[in-house]
Amino acid sequence: MSEIAIVGTGYVGLTAGACFAHLGHRVSCYDIDESKISKLSNGEIPIVEEGLEALVKEGLQSNKLSFSTDPQKAVSECEVVFLCVQTPQLPDGTTDTSMIDSAVSQIAEFLPENSVLVNKSTVPVGSAKKVFENLKRSDVEVVSNPEFLREGTAVNDFLNPERIIIGSENENAAQIVAEMYKKIEAPVLITDPISAETIKYSANAFLVTKLSFINSIAAVCEGVGANIDDVIEGISYDSRIGDKYMKPGPGWGGSCFPKDTKSLIHIVINRLLSEGAKVKAHDPTVSDNKEGIPPQVLIVNDPIVACDDANAVVLLTDWDEYKSIDPNEVLKRTSDPNLIDTRNVLDVKEWKNLGFAYQGTGR
Ligand code: NAD
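Please read these numbers as outputs of a predicted model, since none were measured by experiment.

Visitor: What's the story with the nonpolar core in this structure? I'm lost.
Guide: Generally speaking, nonpolar side chains in soluble globular proteins are found buried as a group. Counting residues in each nonpolar core, the largest one holds 55 residues, and the members touching the most others are Ile6, Val7, Val80, Val81, Phe82 and Val177. When residues in this core are grouped by element, the largest group, 8 residues, is from helix H1 (residues 11-22). Every residue in contact with Val177, bar those within four places of it in the chain, is listed here: Val80, Val116, Val118, Val143, Asn145 and Ile166.

Structural data, given as structure tokens:
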């Protein structure tokens, strides 16, 4: 009998499913996206995440991990079912919970008696109660278990979390969910669902506050001629402040805020296009113009090729392959040596010595 079902095999669901299988559980993953499920069943993973492909292959080989588009097959033998579907933002800023509602209606009749439905998606406060009402299954407990993993380090974050938050009105259901994590060493906080949901939002709010703060300080540094790196180091020795989430960048990056990052990339590129710029772009995780990338943008598969004949090179993410890029090679390729290093990851002196007009953030 499978122990765990995952509903929504995206970033969070796939990571959770592969990691739970790695921890020894039998996990069945369900998604409505047929092409994703067919690829996953063959061990092809749609996201770039260190260690994930190996865990998916390990799970498939040991038969601990399976993928399906059939809700009945996926959940009907599972005592614990995790909801991991997306909860995007609507144009008015509220959260679109329609994917949660559809998923709940698809699985409701197939959930085994006395099973536990766990909400891992990030949802408005009060959603556990709403899910319970929509479910119309008085025998099934609805538990909140928010996820804090970051894209880029998802597997490591899932297996080594700083805390596990479980919100339940029912102590037994909370313990069943805690049991799923028993091989993980981390503080487990059991609370009520409303507090668990509020913890997730509060953590996100605090992190974006830190990022906004340091971006504002970076702007001050640019204005007064201070060095942002030294300012950060100077304030971060104060243990009340620390150095985490204190790196300036082109807005809010970070894995918890994918919607914000996406819309930010859109604004960078779209403004340049509207001004008549020709944009050539490289990203190790993007191979073509899918997912909202304007068709005028030429996606290339090598960062050096992206620099060919460029009047300016803009670095927006801090992938390792960009940090180690050879400035001499970039100089040979570009028409004008203009470099905008929004992540402050390149060696200013090295690039300036070669004649680049270097613009960092707060530098
Ligand atoms: P995602 O878009 O990567 O994946 C969602 C998956 O759910 C997709 O594969 C989609 O096809 C599937 N799905 C949609 N409706 C379904 C249904 N009715 N039945 C089955 N599958 C369905 O989303 P994600 O990034 O994994 O985020 C999931 C939730 O976790 C969101 O609430 C998000 O805010 C939260 N979260 C995300 C992160 C992150 O870094 N990505 C971190 C913490 C929390």
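Visitor: Even after reading the chapter, I still don't get the site of the ligand, so can you show me in this structure?
Guide: With respect to spatial proximity, 28 residues lie near the ligand, and among them Gly8, Gly10, Tyr11, Val12 and Ser121 are the closest. Among the elements of the structure, H1 and helix H5 (98-107) are those that each provide at least two residues to the shell around the ligand. Among the elements that take part in the shell around the ligand, H5 stands out by supplying 4 residues, more than any other. For the shell around the ligand, the per-class residue count stands at 12 nonpolar, 11 polar and 5 charged.

Visitor: Explanation requested: the domain arrangement of the protein chain in the structure shown.
Guide: Interface size is commonly expressed as the accessible surface area that is lost when the partners come together. Domain boundaries assigned for the protein chain yield domain 1 (3-191) and domain 2 (204-360). Inter-centroid distance (C-alpha atoms) of domain 1 to domain 2 is 33 Å.

Visitor: Which parts of the structure should I look at to understand the packing of H1 against helix H3 (residues 52-61)?
Guide: Each pair of packed helices gets described by two things: the angle between the helix axes and the distance between those axes. Relative orientation of the contacting elements H1 and H3 amounts to 55°, with a least axis distance of 9 Å. As summarised for this structure, H1 and H3 are arranged oblique, according to the angle between their axes. Relative to H3, H1 is oriented so that their crossing is left-handed. Touching Leu14, Thr15, Ala18, Cys19, Ala21 and His22 of H1 are Leu52, Leu55, Val56, Glu58 and Gly59, all from H3. A class-by-class count of the residues in the contact of H1 with H3 yields 7 nonpolar, 3 polar and 1 charged.

Visitor: Help me out: how do you make sense of H5 in this one?
Guide: Every α-helix carries 3.6 residues per turn, so stepping three or four residues along brings you back to the same face. Every buried residue of H5 is accounted for by Ile100, Ala103, Val104 and Ile107. Seen from one end, H5 has its buried residues packed into an arc of 100°, which puts them on one side. Among the exposed residues of H5, those oriented more than 90 degrees off its buried face are Ser98 and Ser102. Lining the buried residues of H5 we find strand E1 (4-7), helix H4 (71-75), strand E4 (80-83) and helix H6 (127-135).

Visitor: Help me understand unusual backbone geometry in this model?
Guide: One non-glycine residue, Lys136, lies in positive phi territory at about 55°. Take Lys136: it is sitting in the loop between H6 and strand E6 (141-144). Residue Lys136 is classed as exposed on the basis of its 11 C-beta neighbours within 10 Å. Despite not being glycine, Asn344 shows a phi value in the positive range, around 55°. Tracing the backbone shows Asn344 in the loop between strand E12 (338-341) and helix H15 (348-353). With 19 C-beta atoms counted inside 10 Å, the residue Asn344 sits in the partly exposed group.

Visitor: It is not clear to me how the pairing of E6 should be interpreted in this structure. Could you clarify?
Guide: Here is the key point about a regular strand: its side chains alternate between the two faces of the sheet. The alternating pattern of E6 places Glu141 and Val143 and Val142 and Ser144 on opposite faces, both of which are buried. As defined by bridge partners, strand E5 (residues 116-119) adjoins E6 across 4 bridges and the pair is classed as parallel. Along E6, the bridge assignment pairs Leu117 with Val142.

Criteria and thresholds
- Residues numbered from 1 in each chain as written.
- Predicted model: local features only at pLDDT ≥ 70, side-chain atom pairs only at ≥ 80, totals over all residues.
- Core = buried A, V, L, I, M, F, W, Y, C linked by C-beta atoms within 7 Å.
- Buried ≥ 20, exposed ≤ 12 C-beta atoms within 10 Å, placed from the backbone.
- Helix = DSSP H or I, 4+ residues; strand = E, 2+ residues; numbered from the N terminus.
- Contact = placed C-beta atoms within 7 Å.
- Near = placed C-beta within 6 Å.
- Nonpolar A, V, L, I, M, F, W, Y, C, P; charged D, E, K, R; others polar.
- Domains from an automatic or database assignment.
- Axes fitted to C-alpha atoms, helices over the stretch in contact; angles between N-to-C directions.
- Parallel < 35°, antiparallel > 145°, perpendicular 65-115°, else oblique.
- Left-handed = near helix turned anticlockwise from the far one by under 90°.
- Arc of directions from axis to C-beta.
- Pairing = 2+ DSSP bridges.

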